[in-house]
Amino acid sequence: MNDSLGLSIIAGVPVPVLLIGADERVSGMNGAAEALFGPSGAGRHYITVLRHPALLDCVEEALRLRQSRRARYPRSAFGRDATYDVTASPLEGVAAGGVVLSFTDISDLEQAGQIRRDFVANVSHELKTPLTALMGFIETLRGPARNDEAARDRFLDIMAREAERMNRLVSDLLSLSRVEAEERMRPGARVDVAALLRSAVQTLRPLAEEAGVALTLSGAEAEAHVLGDEDQLTQVFHNLIENGIKYGGSGGVLRLEMTRSERELAFRGPGLRIDVIDEGEGFDPVHIPRLTERFYRVDNHRSREMGGTGLGLAIVKHIVNRHRGRFRIDSAPGKGSTFSVTLPTV
């Protein structure tokens, strides 16, 4: 292979590729490699171009041992962290003695792996607390409190709450898994959102009254249809209303407002907007971008005390995405919070 043919071949490769000759100088780079290392690398010693220790060791061993070598190359550029899987392969024939270095972007795989590890760690942490409490109370009931009837009843009540908390967590995890599996499958049933809202308010009004929260609904008198999954949309409204009741503040009002739009900008067509507005303490808007992450909480202790699993808003986001809708959160300290779901109508 002559140099011009080699350069022509690597120019058409979509991943970064460098040719390093037997003289240890860069003999060619394609456009993707120039974007990664700069356009002035050709003709220079590979050490001055690559610089990163893992890359230098990879190339040095491939040149010396005439065997393929691989390395990981982390790179931060243009505000983005990337990870490359690098392969250094010896060249034979006319270019004998040289090495071809190719870079495969595995950032998405690395990110997916990190998300999986974080998820396992979070689930383990969420389950460990109630399990530790249950184990401690069981040990106490077997020992010092064996014959203490008052203590036994008190401990059993706490154990029941902790077991219910684990049950909610497992249920939410299963629900989130199902929603994520179906997220790319758009539902096709015709659903009356107004009827779902009226039903959700009627179902959750006793919970609101118990918490000292007045629950109101406006704009849902007439039918309003979308293509959707009735059970999943019911879950969205229940999650948002329950959140508003829990964190909206005793003695306040939780307002549900449904409005229709003939031309919703998000869909370039007719849409429905459902706002769940509370009069609670609100929170710093800095939290908003992360609120739909799994297990993210503004106040960890308070959320757990309220029985929250940290998965409710993540479930809402995925369901709304499946319905090709939009989910928005607005809040400020001392001004309450508004959770808005916008859906395209039919």
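This text gives an overview of the structure that appears in the document. (Residues numbered from 1 in each chain as written. Predicted model: local features only at pLDDT ≥ 70, side-chain atom pairs only at ≥ 80, totals over all residues. Heavy atoms only, no water.)

### Quick look at the packing of aromatic side chains
Filter applied, for reference: Pairing of aromatic rings covers Phe, Tyr and Trp, the last counted by its six-membered ring, and requires centre-to-centre distances within 6.5 Å; plane angles under 30 degrees mean stacked, over 60 mean edge-to-face, and any other angle means tilted.
Inspection of every chain in the model, using the stated rule, returns six aromatic pairs. Put simply, the rings of Phe37, Tyr73, Tyr84 and Phe103 pair up and form one aromatic cluster.

### Describing the pattern of salt bridges
The criterion, for reference: The salt bridge definition used is simple: a Lys or Arg side-chain nitrogen within 4 Å of an Asp or Glu carboxyl oxygen. Three exposure classes are used, based on accessible area relative to the maximum for each residue type with a 1.4 Å probe and protein chains only: buried under 20%, partly exposed in between, and exposed over 50%.
Tallied over the full model, the rule gives 13 salt bridges. When the shortest N-O distance is used, the salt bridge between Arg255 and Glu257 registers 3.2 Å. The class for Arg255 is partly exposed, based on a relative accessible area of 29%. In the salt-bridge network here, residues are joined through shared partners; they are Glu182, Asp229 and Arg322.

### A word on the environment of Leu343
To keep it simple, the criterion reads: A run of H or I in DSSP counts as a helix once it spans at least four residues, and a run of E counts as a strand once it spans at least two, with each numbered from the N terminus. Between two residues, a contact is recorded if the distance between any of their heavy atoms is within 4.5 Å.
With respect to the helices and strands, the residue Leu343 is situated in strand S12 (residues 337-344). It is 9.0 Å that separates the C-alpha atoms of Leu343 and Leu227, two residues lying 116 residues apart in sequence. Not counting residues within four places of it along the chain, the set of residues in contact with Leu343 comprises Val193, Val226, Leu233, Phe267, Gly271, Leu272, Ile274, His323 and Gly325.

### As for the sheet that holds strand S11 (residues 326-331)
What counts is decided by this rule: Strands are treated as partners if at least two bridges between them are detected by DSSP. Axis geometry follows a simple rule: fit a line to the C-alpha atoms, using only the stretch in contact for helices, then measure angles between N-to-C directions, giving values from 0 to 180 degrees.
Spatial ordering of the open sheet is given by S7-S9-S10-S12-S11, a layout of five strands whose pairing is mixed. The outermost strands of the open sheet, each flanked by one partner alone, are strand S7 (214-218) and S11. Strand-to-strand twist of the sheet, defined as the mean angle between neighbouring strand axes without regard to direction, takes the value 15 degrees. In this fold helix H10 (residues 312-322) packs onto S11 and S12, with an angle of close to 140 degrees to the strand it touches most, S11.

### Thoughts on the nonpolar core
Formally: Working definition of a nonpolar core: buried Ala, Val, Leu, Ile, Met, Phe, Trp, Tyr and Cys residues. They are joined through side-chain atoms within 4.5 Å.
Among the nonpolar cores identified, the biggest contains 47 residues, and Val193, Phe237, Leu240, Met258 and Phe327 are the most heavily contacted of them. Of all hydrophobic cores here, the second largest spans 25 residues; its members include Met29, Leu55, Leu63 and Phe103.

### Notes on helix H8 (residues 230-247)
Note on helix geometry: an α-helix contains 3.6 residues per turn, so any two residues three or four positions apart are oriented the same way. What counts here: How far a helix is expected to stretch is found by multiplying one less than its residue total by 1.5 Å. Polar contacts here mean pairs of N or O atoms no more than 3.5 Å apart (in protein, one a potential hydrogen donor and the other a potential acceptor; neighbouring residues in sequence count only if both atoms are side-chain atoms).
In this model, H8 (18 residues) spans 26 Å end to end at C-alpha, consistent with the 26 Å of a helix rising 1.5 Å per residue. Buried within H8 are the following residues: Gln232, Leu233, Val236, Phe237, His238, Asn239, Leu240, Ile241, Gly244 and Ile245. Its side-chain oxygen at 3.1 Å from the backbone nitrogen of Asp231, Asp229 defines the N-terminal cap of H8. Trailing H8 by a residue or two, Gly249 shows a phi angle of about 95 degrees, which is positive.

### Comments concerning unusual backbone geometry
One non-glycine residue, Arg66, lies in positive phi territory at about 55 degrees. Even without being a glycine, Arg324 presents a positive backbone phi close to 60 degrees. Here Arg324 lies in the loop between H10 and S11. We classify Arg324 as partly exposed; its relative accessible area is 32%.

### A closer look at a negative patch on the surface
Here is the rule we go by: A patch is a set of surface residues, each over 30% in relative accessible area and not in a salt bridge, joined within 9 Å for like charges and within 5 Å for the nonpolar side chains Val, Leu, Ile, Met, Phe, Trp and Tyr. The accessible surface values rely on the Shrake-Rupley method and a 1.4 Å probe; as for residues, cover is taken only from the protein chains in view. The sign given to each residue is positive for Lys and Arg and negative for Asp and Glu; His and the chain ends receive no count. Charge positions come from single atoms, namely NZ of Lys, CZ of Arg, CG of Asp or CD of Glu.
Together, Asp148, Glu149, Asp153 and Asp157 make up a negatively charged patch on the protein surface. Glu149 gets classed as exposed once you look at its relative accessible area, which sits at 53%.

### Some details on helix H4 (residues 53-65)
Selection rule: In this context, the arc is that of the directions from the helix axis out to the C-beta atoms.
Over its 13 residues, H4 runs 18 Å from end to end, which matches the ideal 18 Å to within 8%, given 1.5 Å per residue. Within H4, the full set of buried residues consists of Leu55, Leu56, Cys58, Val59, Ala62 and Leu63. Viewed along the axis of H4, the buried residues span an arc of 160 degrees, placing them on a single side of the element. Relative to its buried face, H4 has exposed residues pointing more than 90 degrees away, namely Pro53 and Arg64. Immediately downstream of H4, the backbone of Arg66 shows phi near 55 degrees, a positive value.

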